[in-house]
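Chain by chain, the residues run as shown.
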Amino acid sequence: MAAAQRHPDPAFRQRIVTGIVCLLLLWPMLVYSEFKPWILFDAQSLKSTGAFLAEFFTPAHDVEFLKMVLDQTWVTVAIATCGLALAMLGAIPATLLVTERLSISMLGTNRMRLPARALRQVVRVILILLRSVPELVWALLFVRIVGLGPTAGVIAIALTYCGMLGKVYAEILESSDAHASDSLLVNGSSRLAALLYGALPESAAELISYTVYRWECAIRGSAVMGFVGAGGLGQRMDESIKNMAGSEVSTMLIVFVLLVALADLVSTWLRKDLV
Amino acid sequence: MAATYRLDQLTVHHLATKAGGAAALHALDLVIEQGEQLALIGPSGAGKTTLLATLACAHQPTSGQFELLGVDPWALTQAERHALRSRLFLAPQTPPLPPRQRVVTTVLAARLPRWSLWHALSSLFKPAEPQAAFDALSRFGLGDKLYARVDRLSGGERQRCGLARVLLSNAESFLVDEPLSALDPTLSQLTLTALQQEAAARNATLVCSLHQVDMARANFSRIVGLRAGRIVFDAPREQVTDAMIAALYLNESMDAPMPAFHDSPARLAVGACL
């Protein structure tokens, strides 16, 4: 009789249902977002794209302009770096509060005590609030409060990125192997010691590469925020676009490509050192 | 002499099972004196690891009395219980070593309960007590691996590296889970001897789960046989007969019918089994 017994996979039906539900949810999203890629290829669009590209092939390169670009590039990098550093200052403590790893109260019981759970939820909601407001909106707000210039950009990046870093840091920690840090906790280490000796060595490379990637995003973000007056290269680009100076825009875009490539290089170099 | 452990009708459930599920350990009675060394044997799934985790305060019992070093740890506050944990050392079967860490750092991590955070940080920069780490590693024949990275070690070296931590802790009770599973016979004897000597030298209690019945009988004066979450025998080694061992490991699944339904967790993630 044993041969007649069937062994149905208990997860199979759930997978099928989840797949269908995801498809059903995605379809209206495509319709409502008016996703019509073929518009890109009608005659008028192609013509204006061609004219635009022709302008781009002669980037502005007079010395005065390049000096200004270099100066503003430095401002952009500074905005991104300061903003990210401030964001980390908030995100690292928030990560420690939010992550379900390294919980001493869960040791042996698998339950978190009520005050700890409440605190976690409060910090989680704060992180959601911080990152759900786009950095552009924060920038607009702070340009009103502290005036035009890089300060608004730094504060905007710090607030939004604090929310993102806190969430993703916590998730990176939670998805890494818990064996090392759990074992340290069971043998009486404090939370922070278990983090330093157990959790960080497991996920340092992921944490660093995500942080460098966010720095790259912050550079791009500071460009966008320049358009609303938050300083840096973006503000100059806004002026150039308004003056229809395509060659100047081209130069500045090249600088952005170089900055992103630099971020990529730094990330690779740091990871190679660690992995 | 005070008892390190006093278990009375102790029942333990797995953390994941809901109320009313099958218990992992059933009504255990066990008294272990301070400085005593005992081997825990039994077939896979008998509950050896769960028992060790319970003894390490890493697993809360469901019912019964549990007394550790004279107190009930689960009646204490969380901070007091955590302080108590630093007086025990649980060495899991798979060595809990981060692959990217250096051996010296990973071994010195056993000192963390005694170190301030500042000291822990500075030891990441420059190892605080490399000599102590070297001495502990040498006892397991690993002195030359002091500054190697953990992922460069073989499976057996990692296992001994995890055990070297025991020597650097100031635990009064060593709870060691399958310390010999990745070692050849010669290294097995060396490793077990190092653990037993250290336990004897500091009058620490040693509870060691073993799959190698011969090693258990040759090295431990007290043998506890565990099967299906119950203590089958708890006797001095002279009284443990081959028949008792055979009965302990007798394969019960041969004559028992296969369960019709597969035991699966209540909630399954979509990709859980991919």
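Just so it is clear, the structure is predicted and the values come from calculations on it, not from any experiment.

(A) Highlighting the overall build of chain A. Helices and strands together make up the secondary structure of chain A, namely 10 helices and zero strands. Listed N to C, the secondary structure of chain A is α-α-α-α-α-α-α-α-α-α in terms of helices and strands. The C-alpha atoms of chain A give 25 Å as radius of gyration, which overshoots the globular expectation for 275 residues (19 Å, by more than 25%). Principal axes of the C-alpha set define a box for chain A whose edges measure 80 × 50 × 40 Å. Residues counted as buried form 35% of the 275 residues belonging to chain A.

(B) Highlighting helix 7 (residues 185-201) of chain B. Residue and element names in this part refer to chain B. Between its terminal C-alpha atoms helix 7 stretches 24 Å, which fits the 24 Å expected from 17 residues at 1.5 Å a residue. Every buried residue belonging to helix 7 is among Thr191, Leu192, Ala194, Leu195 and Ala199, and all of these are buried. Looking down the long axis of helix 7, one finds its buried residues gathered within 155° of arc, a one-sided arrangement. Relative to its buried face, helix 7 has exposed residues pointing more than 90 degrees away, namely Pro185, Thr186, Thr193, Gln197, Ala200 and Ala201. The elements touched by buried residues of helix 7 are strand 3 (37-41), helix 5 (130-139), helix 6 (155-168), strand 6 (173-177), strand 7 (205-209) and helix 8 (213-219).

(C) Focus on the nonpolar core. The biggest cluster of nonpolar side chains holds 129 residues, and the ones touching the most others in it are Ala156 and Ile157 of chain A together with Ala56, Leu90, Val107, Phe174 and Leu175 of chain B. Looking at this core, the element that brings in the most residues is helix 6 (residues 150-175) of chain A, giving 14 residues. If you count residues domain by domain, this core takes at least three from each of domain 1 (1-87 + 174-250) and domain 2 (93-170) of chain B. Not counting residues within four places of it along the chain, the set of residues in contact with Phe174 of chain B comprises Phe89, Val166, Leu195, Ala199, Ala204 and Leu206 of chain B.

(D) Layout of the interface of chain A and chain B. In this complex, chain A contributes 30 residues to the contact, which on the side of chain B involves 37 residues. Listing elements by their share of the side of chain A that touches chain B, those giving two or more residues are helix 1 (12-32), helix 7 (179-186) and helix 8 (191-226) of chain A. With seven residues, the single largest contributor to the side of chain A that touches chain B is helix 8 of chain A. Here the residues of the side of chain A that touches chain B sort into 14 nonpolar, 14 polar and two charged.

(E) Fine view of helix 5 (residues 135-146) of chain A. Residue and element names in this part refer to chain A. Helix length check: helix 5 (12 residues) gives 15 Å between terminal C-alpha atoms against 16 Å at 1.5 Å per residue, within 8%. Inspection of helix 5 places Glu135, Trp138, Ala139, Phe142 and Val143 among the buried residues, and these make up the whole buried set. The buried residues of helix 5 occupy one face: seen down the axis, they fall within an arc of 135°. Taken together, the buried residues of helix 5 touch helix 6 and helix 8. Following helix 5 by one or two positions, Gly147 has its phi on the positive side, about 90°.

(F) Spatial organisation of the pairing of strand 6 of chain B. Residue and element names in this part refer to chain B. Burial analysis of strand 6 places five of its five residues in the buried class, the great majority of the element. Of the two faces of strand 6, the one carrying Ser173, Leu175 and Asp177 and the one carrying Phe174 and Val176 are both buried. Bridge analysis of strand 6 against strand 7 gives five bridges, and the strand direction is parallel. Across the sheet, Asp177 pairs through a bridge with Ser209, a residue of strand 7.

(G) Main features of the sheet that holds strand 1 (residues 3-13) of chain B. Residues and elements named next belong to chain B. The sheet built from three strands is open, its strands ordered 2-1-4 with antiparallel pairing. Looking at which strands have only one partner, the edges of the open sheet turn out to be strand 2 (23-33) and strand 4 (63-68). When strand polarity is set aside, the average angle formed by the axes of neighbouring strands in this sheet is 15°. Inspection of the sheet shows strand 1 paired to strand 2 by seven bridges, in the antiparallel sense. Directly across from Tyr5, in strand 2, lies its bridge partner Ile32. Each of strand 1 and strand 2 touches helix 1 (residues 48-55); the most contacted strand, strand 2, lies at about 55° to it.

(H) Structural detail: the domain arrangement of chain B. Residue and element names in this part refer to chain B. By domain assignment, chain B separates into domain 1 (1-87 + 174-250) and domain 2 (93-170). The interface is formed by 14 residues belonging to domain 1 together with 12 residues belonging to domain 2. Going through the elements one at a time, strand 6 and helix 7 are the ones with two or more residues in the side of domain 1 that touches domain 2. When residues in the side of domain 1 that touches domain 2 are grouped by element, the largest group, six residues, is from helix 7. Of the residues that constitute the side of domain 1 that touches domain 2, the class distribution is eight nonpolar, three polar and three charged.

(I) Focus on the sheet that holds strand 8 (residues 222-227) of chain B. Residues and elements named next belong to chain B. With respect to topology, six strands assemble into an open sheet ordered 5-6-7-3-8-9, the strand pairing being mixed. Because the sheet does not close on itself, it has two edges, and the strands there are strand 5 (88-91) and strand 9 (230-236). Here the strands of the sheet are splayed against their neighbours by 15° on average, with no regard to which way each runs. Pairing of strand 3 with strand 7 involves four bridges; the strand directions are parallel. Across the sheet, residue Leu38 finds its bridge partner in strand 7, namely Val207. Strand contacts of helix 1: strand 3, strand 5, strand 6, strand 7 and strand 8, with the helix running at about 155° to strand 7, the strand carrying the most contacts.

(J) Focus on unusual backbone geometry. Residues and elements named next belong to chain B. Positive phi values are uncommon outside glycine, yet Ala27 reaches one of about 40°. Mapped onto the fold, Ala27 is located in strand 2. At Leu69, a position not held by glycine, the phi torsion is positive, near 50°. Relative to the elements of secondary structure, Leu69 occurs in the loop between strand 4 and helix 2 (78-85). Judged by the 17 C-beta atoms lying within 10 Å of it, Leu69 is partly exposed.

Criteria and cut-off values
- Residues numbered from 1 in each chain as written.
- Chains lettered and ligands numbered in written order.
- Predicted model: local features only at pLDDT ≥ 70, side-chain atom pairs only at ≥ 80, totals over all residues.
- Helix = DSSP H or I, 4+ residues; strand = E, 2+ residues; numbered from the N terminus.
- Rg over C-alpha atoms; globule rule 2.2 N^0.38 Å.
- Buried ≥ 20, exposed ≤ 12 C-beta atoms within 10 Å, placed from the backbone.
- Expected span 1.5 Å × (residues − 1).
- Arc of directions from axis to C-beta.
- Contact = placed C-beta atoms within 7 Å.
- Core = buried A, V, L, I, M, F, W, Y, C linked by C-beta atoms within 7 Å.
- Domains from an automatic or database assignment.
- Nonpolar A, V, L, I, M, F, W, Y, C, P; charged D, E, K, R; others polar.
- Pairing = 2+ DSSP bridges.
- Axes fitted to C-alpha atoms, helices over the stretch in contact; angles between N-to-C directions.

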